[in-house]
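Chains, contacts and geometry: an overview
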Amino acid sequence: VGYYYDSSIIRGENLIYFLRKKNKPNKSYMTCRYNIPTASTVEHRYKNNINVCNETEIEILKKIDKIIKEKLN
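Here is a short report on the structure shown in this document. (Residues numbered from 1 in each chain as written. Predicted model: local features only at pLDDT ≥ 70, side-chain atom pairs only at ≥ 80, totals over all residues. Heavy atoms only, no water.)

Quick look at the state of the cysteines
Convention followed: Note on disulfides: each one is a pair of cysteine sulfur atoms within 2.5 Å. Partly exposed describes any residue whose relative accessible area lies between the buried limit of under 20% and the exposed limit of over 50%, with all areas from a 1.4 Å probe on protein chains only and scaled to the type maximum.
For the coordinates displayed, the defined rule picks out zero disulfides. Take C32: it sits in no disulfide, and the sulfur closest to it among the cysteines is that of C53, at 14 Å. Of the residues examined, C32 reaches a relative accessible area of 1% and is grouped as buried.

As C-alpha cells, then:
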C-alpha cells in the first residue's frame, strides 16, 4: 500500500484499513482500500497481493463498509 495511495488519501478520496486474524494479531492478513465517494471497499488483498475471493470474507467487508460509512457521516 505504502505511498501509492498517499495523494488520494490526502485528498480525502480513499482510506486504507487492515484486517488481522484474532488468533494471529501480529501477522498480516488482509489490506483493504475504502473509497469514500462510493462508500465501499474497492480493493482487498491478502498477504502477498493475493485477491480475496472468499464470499464469507467479502460479506464481512460489506459490514465493515457500513460501519465506516456511519462513522464518516
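A look at the nonpolar core
Generally speaking, soluble globular proteins have nonpolar side chains that are buried together. Let me state the cut-off plainly: What we call a nonpolar core is a set of buried Ala, Val, Leu, Ile, Met, Phe, Trp, Tyr and Cys residues that are connected through their side-chain atoms within 4.5 Å. Strands are runs of DSSP state E lasting at least 2 residues, helices are runs of H or I lasting at least 4, and numbering of each runs from the N terminus.
Formed by Y17, M30, C32, Y34, Y46, V52, I58, L61, I64 and I68, the largest nonpolar core amounts to 10 residues. Listed by contribution, the elements that provide at least two residues to this core are strand 2 (30-35) and helix 2 (55-72). The element that contributes the greatest number of residues to this core is helix 2, accounting for four residues.

Looking at the sheet that holds strand 1 (residues 14-19)
What counts is decided by this rule: Strands are treated as partners if at least two bridges between them are detected by DSSP. We call two residues in contact whenever any of their non-hydrogen atoms come within 4.5 Å of each other. Convention adopted: a line fitted to C-alpha atoms gives each axis, helices being fitted over their contacting stretch, and angles between N-to-C directions are expressed from 0 to 180 degrees.
Taking strand neighbours across the sheet as the criterion, the four strands line up as 1-2-3-4 in an open arrangement whose pairing is antiparallel. The sheet terminates laterally at strand 1 and strand 4 (50-51), the two strands that pair on one side only. By the bridge criterion, six bridges tie strand 2 to strand 3 (residues 40-46) in an arrangement that is antiparallel. The residue of strand 3 that forms the bridge with T31 is R45. Lying on the sheet, helix 2 is in contact with strand 1, strand 2 and strand 3; it crosses strand 1 at an angle near 130°.

Brief notes about helix 2
Heads up, the condition is: Expected helix span is given by 1.5 Å per residue-to-residue step, counting one fewer step than there are residues. What the arc measures is the spread of directions leading from the helix axis to the C-beta atoms.
Here helix 2 spans 26 Å end to end across 18 residues, near enough to the 26 Å set by a 1.5 Å rise per residue. For helix 2, the set of buried residues is E57, I58, L61, I64, D65 and I68. The buried residues of helix 2 all sit within an arc of 115° when viewed along its axis, so they share a single face. Seen from the buried face of helix 2, the exposed residues on the opposite side, beyond 90 degrees, are E55, T56, K63, K66 and E70. Where the residues of helix 2 are buried, they touch strand 1, strand 2 and strand 3.

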